[in-house]
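Residue-level listing of the chains:
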Amino acid sequence: MATEHPNPTDWRTDAAAVAAYVQAIEGWFVELRGRGVQWSPTDAARAQSWYAMGVPLGTVLRVLRARAKAWRYQHGDDARLPVGLAWYDKAILEQHRHLARLGRPAQVPSSTQETGLDAELPPDEATLTDLLDPLPELAESAAHPVIAHAYRKAHGWLDKQLHPPKDTDPADHEPPGDLDAQIDRCQAVLRRTVLAGLEDSEMALVDAAIDAQLKPFIGQLGRKALLGRRQALLDRELAARFGLRMPTRAGWIDPRDV
């Protein structure tokens, strides 16, 4: 892990540190994209801008890897990755700014800090990149084909949130806004996809189980409260019967554990 610099005003003008940071990103980027890839002056300038912003190297490398994984999941293992670092900028800034909003201590960008995907993730504070990353494995291991399809739909939706705006410099745009709202929308995508895909007989069992659990509260709770409770019960039933996990700030969880 990187350590805090005793004099934070110095590291931004440390030419050797900047060079090591940029070279580490170049090495990873070229390796991710494959042989024959050229590192452009524009890429070097963008990497330097991340350094100047104080983006830890671990954040950059984990997001580069995760975005490459997501691209290949969407387009195939042999698909050519986007050419320049500009395509990754929005996701990197989303990750960095989200952690900054949590009040994480400022870190000196380092060429030697921990680069594992879990190196700097605070407990219960998953970002969009963190939620996107495990979805291919969740889809692969899903016990029901509808759940696997729902995970793939969620992957496409989350991935789209991290795409750079077309025909503009991604650095000119703020990353995605309210994380809780985005998680809620991703949950809605999952529910809609599952409910549209289940057989009528499967849905009848789910509805019957929910109705039985709601019956004692009819007449005691208002309409809004009943709808909220029904949604919570629906998530739990889908988890119990079909193994559905839901995205939260704590990652992908079993709704029955909440």
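Predicted model only: the values in this text are computed from it and were never measured.

## So, the overall build of the protein chain
For step 1, the next point in the chain: Of the regular secondary structure elements, the protein chain holds 10 helices and 2 strands.
For step 2, the next point in the chain: In the protein chain, the succession of α and β elements from N to C terminus is α-α-α-α-α-α-α-α-α-α-β-β.
For step 3, the next point in the chain: Of all 258 residues assigned to the protein chain, the portion counted as buried reaches 47%.
For step 4, the next point in the chain: Across the protein chain, every contact between residues at least 6 apart in sequence was considered, and the portion connecting residues at least 24 apart equals 76%.
For step 5, the next point in the chain: When the accessible surface of the protein chain is summed, it comes to about 13500 Å², and 51% of that surface belongs to carbon and sulfur atoms.

## What about the packing of aromatic side chains?
For step 1, the next point in the chain: With the rule as written, the count across this model stands at 6 aromatic pairs.
For step 2, the next point in the chain: Judged by centre distance (5.8 Å) and plane angle (90°), the rings of Phe 29 and Tyr 88 are edge-to-face. Of this pair, Phe 29 sits in helix α1 (residues 15-33) while Tyr 88 sits in the loop between α3 (57-75) and α4 (89-101); the two residues are 59 residues apart in sequence, bridging distant segments of the chain.
For step 3, the next point in the chain: Phe 29 gets classed as buried once you look at its relative accessible area, which sits at 0%.
For step 4, the next point in the chain: Residue Tyr 88 is classed as buried on the basis of its relative accessible area, which comes to 1%.
For step 5, the next point in the chain: On the numbers, 5.2 Å between centres and 80° between planes, the contact of Trp 87 with Tyr 88 is edge-to-face. Exposure class is identical for Trp 87 and Tyr 88. Each is buried.
For step 6, the next point in the chain: Counting every residue linked through ring pairs, the aromatic cluster contains Phe 29, Trp 39, Trp 71, Trp 87 and Tyr 88.
For step 7, the next point in the chain: The lysine or arginine in question, Arg 229, covers the ring of Phe 217, its NZ or CZ lying 4.2 Å from the ring centre.

## With respect to the confidence of the model for the protein chain
For step 1, the next point in the chain: On average, residues of the protein chain score 82 in pLDDT, and 80% of them are at 70 or above.
For step 2, the next point in the chain: Across residues 105-123 the pLDDT falls below 50, and counting only partners more than four positions away or on other chains, this stretch makes 53 contacts in the model.

## Notes on α4
For step 1, the next point in the chain: When the terminal C-alpha atoms of α4 are compared, their 18 Å separation across 13 residues agrees well with the 18 Å that a helix rising 1.5 Å per residue should span.
For step 2, the next point in the chain: Buried residues in α4 make contact with α2 (41-53), α3, α5 (128-132), α7 (145-161) and α8 (179-197).

## Observations regarding the packing of α1 against α3
The geometry of a pair of packed helices is captured by two quantities: the angle between their axes and the separation between those axes.
For step 1, the next point in the chain: Close contact between α1 and α3 brings their axes to 10 Å; oriented N to C, the two are set at 15°. Looking at the two axes, α1 sits roughly parallel to α3. In this structure, the crossing between α1 and α3 has a hand that is right-handed. Across from Tyr 21, Ala 24, Ile 25, Trp 28, Leu 32 and Arg 33 in α1, the residues of α3 making contact are Leu 57, Val 60, Leu 61, Leu 64, Arg 65, Ala 68 and Arg 72.
For step 2, the next point in the chain: Tallied by class, the residues present in the contact of α1 with α3 amount to 10 nonpolar, no polar and 3 charged.

## Quick notes on the environment of Gln 187
For step 1, the next point in the chain: Positionally, Gln 187 belongs in helix α8.
For step 2, the next point in the chain: Sequence spacing of Gln 187 and Ala 154 is 33 residues, and the spatial spacing of their C-alpha atoms is 8.2 Å.
For step 3, the next point in the chain: If near-sequence neighbours (up to four positions away) are discounted, Gln 187 is found in contact with Met 246, Pro 247 and Thr 248.
For step 4, the next point in the chain: Among the polar contacts made by the side chain of Gln 187, one reaches the main-chain carbonyl oxygen of Pro 247 at a distance of 2.8 Å.

## A short note on the pattern of salt bridges
For step 1, the next point in the chain: The final tally for this structure, using the stated rule, is 13 salt bridges.
For step 2, the next point in the chain: Across the salt bridge formed by Asp 180 and Arg 249, the nearest N and O atoms sit 2.6 Å from each other. Residue Asp 180 is found in helix α8, and its partner Arg 249 is found in the loop between β1 (246-248) and β2 (251-253); the two are separated by 69 residues along the sequence.
For step 3, the next point in the chain: Put simply, Glu 237 and Arg 241 hold a salt bridge, and the shortest N to O gap is 2.8 Å. Of the two residues, Glu 237 and Arg 241 are both situated in helix α10 (residues 223-242); the distance of 4 residues between them amounts to about one turn of the helix.
For step 4, the next point in the chain: Residue class for Glu 237 comes out buried when judged on its relative accessible area of 12%.

## Notes on the packing of α3 against α4
For step 1, the next point in the chain: Where α3 contacts α4, the axes come no closer than 9 Å and their chain directions differ by 135°. For the element pair α3 / α4, the angle class is oblique. Taken as a pair, α3 and α4 cross one another with a handedness that is right-handed. Residues Thr 59, Val 60, Arg 62, Val 63, Leu 64 and Arg 67 of α3 pack against Ala 91, Ile 92, Gln 95 and His 96 of α4.
For step 2, the next point in the chain: Broken down by class, the residue content of the contact of α3 with α4 amounts to 5 nonpolar, 3 polar and 2 charged.

Rules used in this analysis
- Residues numbered from 1 in each chain as written.
- Predicted model: local features only at pLDDT ≥ 70, side-chain atom pairs only at ≥ 80, totals over all residues.
- Heavy atoms only, no water.
- Helix = DSSP H or I, 4+ residues; strand = E, 2+ residues; numbered from the N terminus.
- Buried < 20%, exposed > 50% of the residue type's maximum accessible area, 1.4 Å probe, protein only.
- Contact = heavy atoms within 4.5 Å.
- Areas by Shrake-Rupley, 256 points an atom, 1.4 Å probe, with all protein chains shown as cover.
- Phe/Tyr/Trp six-rings, centres within 6.5 Å; stacked < 30°, edge-to-face > 60°.
- Lys NZ or Arg CZ within 6 Å of the ring centre and 35° of its normal.
- pLDDT = per-residue confidence, 0-100.
- Expected span 1.5 Å × (residues − 1).
- Axes fitted to C-alpha atoms, helices over the stretch in contact; angles between N-to-C directions.
- Parallel < 35°, antiparallel > 145°, perpendicular 65-115°, else oblique.
- Left-handed = near helix turned anticlockwise from the far one by under 90°.
- Nonpolar A, V, L, I, M, F, W, Y, C, P; charged D, E, K, R; others polar.
- Polar contact = N/O pair within 3.5 Å; in protein donor to acceptor, adjacent residues only side chain to side chain.
- Salt bridge = Lys/Arg side-chain N within 4 Å of Asp/Glu carboxyl O.

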